[in-house]
Amino acid sequence: MATQNDHLSPPGRRRSISDPLAAALQPPENESPEQRAQRLKDEEEAKKRSQKIDQMLQEGERQRRKRKVVKVLLLGQSESGKSTTLKQFQLLHAPQAFHAERIAWRFVIYLNLLRSVRRILDAIAPEPDAHLNGLDEIDDYDENEPPAIIIGPSRPASAYSNPHFESFHRRLAPLVDLEARLIQQLSDPEDNDEKEATRLPPSWEGNTHPYANGAAYNNASASGSGSLSHFNGDSSRTLPRINIPSGVRSSPASPTTPSTIASGSGELAVPTSVNWRKRFALGKIQSPLKSEHSGELQGWWEDPDDPVHVLNWCAPVIIEMWRDSAVKQRLHEKRLRLEESSGFYLDEVERIAAKMYFPTDEDVLKARLKTTGVVEHTFTMGKNSEFRGVDWKIYDVGGARHQRNAWAPYFDDVNAIIFLAPISAFDQVLAEDPRINRLEDSLHLWNNVVSNALLANVNIILFLNKCDLLKAKLESGVRLVHHMPGYRDRPNDYDSVSTYFRHKFGAVHQSNSPNRSRELFIHLTSVTDTRRTRVIIYNVRDMILSGNLRSSALM
Ligand SMILES: Nc1nc2c(ncn2[C@@H]2O[C@H](COP(=O)(O)OP(=O)(O)OP(=O)(O)O)[C@@H](O)[C@H]2O)c(=O)[nH]1
Ligand SMILES: [Mg+2]
């Protein structure tokens, strides 16, 4: 039977009344029922207070043990190399995750290649009405100067027609269906009606291409051999509704253009909400097999619906077109330097279109997928690092103009900014506004960032990026002074030009930073180069971490 004091006397811990504390806790003799009720109530409240204090102590301990976090924001215009830098961090700190994702990049790489093919077909298409189209945005300082990559409207064309255009166009027609199919797979099937979906090039909306269904595809002849029956598309399939930003709409295809494959320069972009890596790694490859030894996916090439078969079949024509001297001439006339553009794989078609192609690290670093929204990545410093226990959070943002208002909310509690300025872009214009020179845009953005009062105490590291392309461009004879008259008669070599940019960006920081004592760290980078970037990243990481941890007394 329970006694009235049982709640104070747990079994096995009976108190002796010789214990003064126990004696003090004993209920008074002659306690009235009211007094007893009051006493029990007081004891209950005391117990609750004690539990609350215990909880608060535990919470304090949890907070103390909470991981230290250093936040880094990657900033810069579109195509400056932010996502590529993030990939390099991943390769360094989470190589297994990076390697596990390589297979998913295969489709992005295919799409990058298909875009280059489309841009060539665009360039060589007959343009009888061209003199009615757009402005000539290309500077004309020297007709003998090698072509620069220009993303803006093309110059009014002569009544030009490539004799091979019809043939290339016909033989590459299967790629129309392939690109649409890949883009459909990249879109989110659950909500691609509503959100900013993966984008098809403008001219492919409401696909009316004669080869869009399997029947016509069967009649097309690429290399002239091989059975095509298993490539048939589903002609009843409807394409996803795609949003195309008005800034990248190209002029309509000419009436004589036999299909829609050859127009448009829309870029591939996937909203951060779409987990395309997971989908491409497993979901859409039918019956994925795994190697018993490495666990890597393999065997997709045995699936007759795998995109590699169409690409593999068209590869000889792509190579033929890319080597064609009339095509080269046309690209030269249009000053279209595809070699410098993002996601350039035309020199490696044979390897990329091989049936068992598996992307290398370099392929993934070169792959272009425009960022929309903000991507957060967390890396934890390893056990052997002097910064063990620290989380390194990196935010990769979209750099296109309409994406930039998403940056500011991250300014509040960021510890460091890595700003990327692609200095090879001095002769290019923005894809989203062909009136604006890309280098001017970078300088303008840089000024906004370094002069921002909210960021006054944030470490800033500047990557003057795409130095490999800058070097190649200068060596091919493109002159900086033609695009930046302020360069005057300085030598047009890599060392002089890169030093000039270093001083120019440095001077903007020096004149406009609200924090005069802030030290600026400038690196000349080519972030697709893993070996060199690794050294820079180690430097930057140690500098950011030690600086921030010391200043916030976390060490
Ligand atoms: N050759 C060369 N290519 C580079 C370099 N840095 C980046 N690229 C390529 O340039 C393209 C664009 O790079 P991204 O990292 O996607 O650019 P981003 O700044 O993330 O662009 P948004 O997502 O649109 O803001 C990719 O195809 C990269 O592989 C470089 O230093 N050299
Ligand atoms: Mg990006």
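Residues numbered from 1 in each chain as written. Chains lettered and ligands numbered in written order. Predicted model: local features only at pLDDT ≥ 70, side-chain atom pairs only at ≥ 80, totals over all residues. Heavy atoms only, no water.

Labelled according to an unreviewed UniProt entry, the protein chain appears under the name Guanine nucleotide-binding protein alpha-4 subunit, originating from Steccherinum ochraceum.

(A) Representation of the coordination of the magnesium ion (ligand 2) in the model. Only Ser-83 (OG) and Thr-371 (OG1) from the protein coordinate the magnesium ion (ligand 2), and they sit 2.0 to 2.1 Å from it. With Ser-83 in helix α3 (residues 82–93) and Thr-371 in strand β5 (residues 370–372), the pair connects residues that are 288 residues apart, well separated along the chain. Note on Thr-371: relative accessible area 12%, which makes it buried. (Donors = N, O, S within 2.8 Å, 3.2 Å for Na, K, Ca; no water. Helix = DSSP H or I, 4+ residues; strand = E, 2+ residues; numbered from the N terminus. Buried < 20%, exposed > 50% of the residue type's maximum accessible area, 1.4 Å probe, protein only.)

(B) How the structure looks around the site of ligand 1. In the vicinity of ligand 1 there are 26 residues, among which Ser-78, Lys-82, Thr-84, Leu-365 and Gly-399 approach most closely. The separation between an oxygen atom of ligand 1 and a polar side-chain atom of Ser-78 is 2.5 Å. Summarising the interface, the protein chains cover 95% of the accessible area of ligand 1, which totals 650 Å² for the free molecule. Most atoms of ligand 1, that is more than half of them, are within 2 Å of grid points of the second largest pocket. Elements with a contribution of two residues or more to the shell around ligand 1: α3, α12 (361–366), β5 and α14 (467–475). Looking at the shell around ligand 1, its residues break down into five nonpolar, 14 polar and seven charged. (Near = heavy atom within 4 Å. Polar contact = N/O pair within 3.5 Å; in protein donor to acceptor, adjacent residues only side chain to side chain. Areas by Shrake-Rupley, 256 points an atom, 1.4 Å probe, with all protein chains shown as cover. 1 Å grid on protein atoms, 1.4 Å probe; cavity = no way out; pocket = protein on both sides within 12 Å on 5 of 7 lines; lining within 4 Å. Sits in = over half its atoms within 2 Å of the grid points. Nonpolar A, V, L, I, M, F, W, Y, C, P; charged D, E, K, R; others polar.)

(C) Fine view of the sheet that holds strand β10 (residues 520–524). If you walk across this open sheet you meet the six strands as β6-β7-β1-β8-β9-β10, and the pairing is mixed. What marks the edges here is a single partner per strand, and that holds for β6 (374–380) and β10. Direction aside, the axes of adjacent strands within the sheet are offset by 20° on average. In this structure, strand β9 (residues 459–465) lies alongside β10, joined through five bridges in parallel fashion. From the neighbouring strand, Leu-462 faces β10, where its bridge partner is Ile-522. Packing of helix α13 (residues 438–450) onto the sheet brings it into contact with β1 (68–75), β8 (416–422), β9 and β10, and relative to β8 it is tilted by some 165°. (Pairing = 2+ DSSP bridges. Axes fitted to C-alpha atoms, helices over the stretch in contact; angles between N-to-C directions. Contact = heavy atoms within 4.5 Å.)

(D) Expanded view of the packing of α3 against helix α4 (residues 95–124). Where α3 meets α4, the closest approach of the two axes is 6 Å, and the angle between their N-to-C directions is 130°. In terms of orientation, α3 lies oblique with respect to α4. Together, Lys-87, Gln-90, Leu-91, Leu-92 and His-93 of α3 and Pro-95, Phe-98, His-99, Glu-101 and Trp-105 of α4 make up the contact between the two elements. When grouped by side-chain class, the residues that make up the contact of α3 with α4 number five nonpolar, three polar and two charged. (Parallel < 35°, antiparallel > 145°, perpendicular 65-115°, else oblique.)

(E) Seen up close, unusual backbone geometry. Despite not being glycine, Arg-335 shows a phi value in the positive range, around 55°. Its location among the elements puts Arg-335 in the loop between α10 (325–333) and α11 (349–352). Phi angles above zero are rare outside glycine, and Arg-488 is one such case at about 50°. Within the secondary structure layout, Arg-488 lies in the loop between α14 and α15 (494–512).

(F) α3, seen in detail. Between its first and last C-alpha atoms α3 spans 17 Å; for twelve residues at 1.5 Å apiece the expected length is 16 Å, and the two agree. When you tally the buried positions in α3, you get ten out of twelve residues, the bulk of the element. (Expected span 1.5 Å × (residues − 1).)

(G) Main features of the pattern of salt bridges. Applying the stated criterion across every chain yields a total of 20 salt bridges. In this structure, the salt-bridge partner of Arg-330 is Glu-333, at a minimum N-O distance of 3.4 Å. Linking Arg-330 with Glu-333, this pair stays in helix α10, spanning three residues, or about one helical turn. Exposure remark for Glu-333: the relative accessible area of 30% places this residue in the partly exposed category. Lys-366 is the partner of Glu-348 in a salt bridge, and the nearest nitrogen-oxygen pair spans 2.9 Å. Here Glu-348, found in the loop between α10 and α11, pairs with Lys-366, found in helix α12; they are 18 residues apart in sequence, far enough to count as distant. When its relative accessible area of 30% is taken as the criterion, Lys-366 is described as partly exposed. (Salt bridge = Lys/Arg side-chain N within 4 Å of Asp/Glu carboxyl O.)

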